[in-house]
Amino acid sequence: MSQIRGRFKKETSKLAEAYTASVQFDKRLYPYDIAGSIVHARMMAKQGIVTEPEARTIVDGLNSIKEEIEQGKFKFKPELEDIHMNIESRLIEKVGEVGGKLHTARSRNDQIALDLRLFTRDAIAGAIKGIRGLQNALITLAETNKGTVIPGYTHLQRAQPVLLAHHMLAYFEMLERDIHRFRCCRQRTDILPLGSGALAGVSYEIDREFLAKELGFDRISENSLDAVSDRDFLLEYEAAASICMMHLSRLAEEIVLWSSVEFGFIELDDAYATGSSIMPQKKNPDVAELARGKTGRVYGNLMALLTTMKGLPLSYNRDMQEDKEGFFDTVDTLLASLEIMAGMMSTVHIKAENTAQAVQQGYLLATDLADYLVKKAEPFRNAHDIVARLVSYASGQDKTLDMLSLEAYKQFSPLFEEDVYSITVESSLAARDNIGGTAPKRVEQALANARKTLEESPA
Ligand code: ARG
């Protein structure tokens, strides 16, 4: 039974009670709720809004409630709606009337905004740590397979040879941008909303600087109406998480492809693969498929919250209670996906014989052959055409380019000489010697830079 029914003549219907309750999911905010309340009580004592002994009683009561929750002894009551009312009601039960002073100079509206910001700050730190873990796994894989060459693809057609390390470094870059997005999101999360009251501010002489400093906030919100109804920081987290999951889904898709018999580039560690209940030969990449699949729910959570917030008038509206379940799901899904992808990538086995064979097929050196003619003064467009015809001829004979005789080459252009045979996978890689290219020495440098980033900026 809620204690805020003074003006009502009837109890809430059971249906309404169940429909409006949020404690079943917002209970996970308890450490943040209690931390915020403790600082609020201390601030009130400092400002003479409550006495020092009253604040001490409140703080001790809150600490012991925290223990009760952590020991599983706390009884969450849906009829008390949310985590805030559950804790406050228990506080009054434990310390008596003075517990009722905690809610002076604040409202559940600035309280929930505070709890969510504190929670999100930790969730951002968790996301960045998780991303760093995956980056580390990718860089380690690249470092331990430095010499491995794979076909690079466009349109999922073999295109040009690239180092496996170069491919892994591409994901490192994507994840680096994800970290940047989470850091930007932190700037707009790290703002104290407490002191905004229900919507208009509070009529007590509170000290918001003190609250901000004690709770470790960078800044203080500038407008009370905005502060109680701003959920941009959740949206930004969900947007950053969606983009990050999109990146994971691309990596996951490549793992699915690469572990197939058709590609055969990798073998998943048994610990990260699953069997089929009917086909004994199967080793399935379910972890990667689920990371790919869970991307959908993370996008869904973002769309749901955008839609919930759309068109809401100022300031707080109860619709906003719907922000939590999707957000928590996104936080949990992202962290779990990052962690498992890191585990999977750090145990994956590269089948170097197969990758080596794959780069020999598919005419990956055709561009290099065209470049060869260009160096002998053939305009690139003509060179492209000559090599296209040459490739078509070779493929008709079921031959790779290095199997063709010099006479055969010369039928297509008199510019071909004996040195055409010095075009190899190695020469092709080495030629891509510009910033961002796949030349081994560039990749070596990029790997060193990535390592340095991981060491110097762990989170
Ligand atoms: N459970 C509510 C939420 O999550 C807390 C704020 C309630 N405020 C209110 N005026 N009913 O949004």
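Quick look at the structure, then. Model, not experiment: these values are computed from the prediction.

Taken together, Ser22, Asp82, His84, Arg108, Asn109, Ile112, Tyr316, Arg318, Gln321 and Lys324 make up the full set of residues adjacent to the ligand. Contacts to the ligand include Gln321, whose side-chain N or O atom sits 2.9 Å from a nitrogen atom. Alone, the ligand offers 340 Å² of accessible surface; in the complex the protein occludes 88% of this. Top contributing element to the shell around the ligand by residue count: helix α6 (residues 108-144), with three residues. Each residue belonging to the shell around the ligand can be placed in one class, and the counts come to two nonpolar, four polar and four charged.

Here we come to the packing of aromatic side chains. Taken as a whole, this structure holds 14 aromatic pairs when the rule is applied. Judged by centre distance (5.0 Å) and plane angle (65 degrees), the ring pair of Phe182 and Tyr237 falls under edge-to-face. Taken together, the residues span a long stretch of sequence, with Phe182 in helix α7 (residues 164-189) and Tyr237 in helix α10 (residues 232-258) at a distance of 55 residues. You can call Phe182 buried: its relative accessible area is 0%. On the numbers, 5.8 Å between centres and 55 degrees between planes, the contact of Trp258 with Phe265 is tilted. For the pair shown, Trp258 and Phe265 are each scored as buried.

As a further point, take the packing of α6 against α10. Direction vectors running N to C along α6 and α10 enclose 20 degrees, while the axes themselves pass 11 Å from each other. Judged by the inter-axis angle, α6 sits roughly parallel to α10. Both α6 and α10 take part in a crossing whose hand is left-handed. For the pair α6 and α10, the contacting residues are Ala113, Leu116, Arg117, Thr120, Ala123, Ile124, Ala127, Ile131, Leu134 and Leu138 in the first and Phe233, Leu234, Tyr237, Cys244, Leu248 and Leu251 in the second.

In this structure, strand β1 (residues 149-154) lies alongside strand β2 (residues 157-163), joined through six bridges in antiparallel fashion. From the neighbouring strand, Ile150 faces β2, where its bridge partner is Val162. Turn length for the β1-β2 hairpin, with the two strands adjacent in sequence and antiparallel, is two residues, and the turn residue His155 shows positive phi of about 55 degrees.

You can see Gln361 is positioned in the loop between α13 (352-360) and α14 (366-375). Remark: the alpha-carbon pair of Gln361 and Pro151, spanning 210 residues in sequence, is separated by 9.0 Å.

Next up on the list: the packing of α14 against helix α15 (residues 380-396). Packing of α14 against α15 brings their axes to within 8 Å, and their N-to-C directions diverge by 135 degrees. One element, α14, and the other, α15, form an angle in the oblique class. Every pair of crossing elements has a handedness; the one defined by α14 and α15 is right-handed. On α15, the residues that touch Ala366, Leu369, Ala370, Asp371, Leu373 and Val374 of α14 are Phe380, Ala383, His384, Ile386, Val387, Leu390 and Val391. The residue inventory of the contact of α14 with α15, partitioned by class, reads eleven nonpolar, one polar and one charged.

Rules used throughout
Residues numbered from 1 in each chain as written. Predicted model: local features only at pLDDT ≥ 70, side-chain atom pairs only at ≥ 80, totals over all residues. Heavy atoms only, no water. Near = heavy atom within 4 Å. Polar contact = N/O pair within 3.5 Å; in protein donor to acceptor, adjacent residues only side chain to side chain. Areas by Shrake-Rupley, 256 points an atom, 1.4 Å probe, with all protein chains shown as cover. Helix = DSSP H or I, 4+ residues; strand = E, 2+ residues; numbered from the N terminus. Nonpolar A, V, L, I, M, F, W, Y, C, P; charged D, E, K, R; others polar. Phe/Tyr/Trp six-rings, centres within 6.5 Å; stacked < 30°, edge-to-face > 60°. Buried < 20%, exposed > 50% of the residue type's maximum accessible area, 1.4 Å probe, protein only. Axes fitted to C-alpha atoms, helices over the stretch in contact; angles between N-to-C directions. Parallel < 35°, antiparallel > 145°, perpendicular 65-115°, else oblique. Left-handed = near helix turned anticlockwise from the far one by under 90°. Contact = heavy atoms within 4.5 Å. Pairing = 2+ DSSP bridges.

Such coordinate-based values are descriptive only and should not be taken to indicate function.
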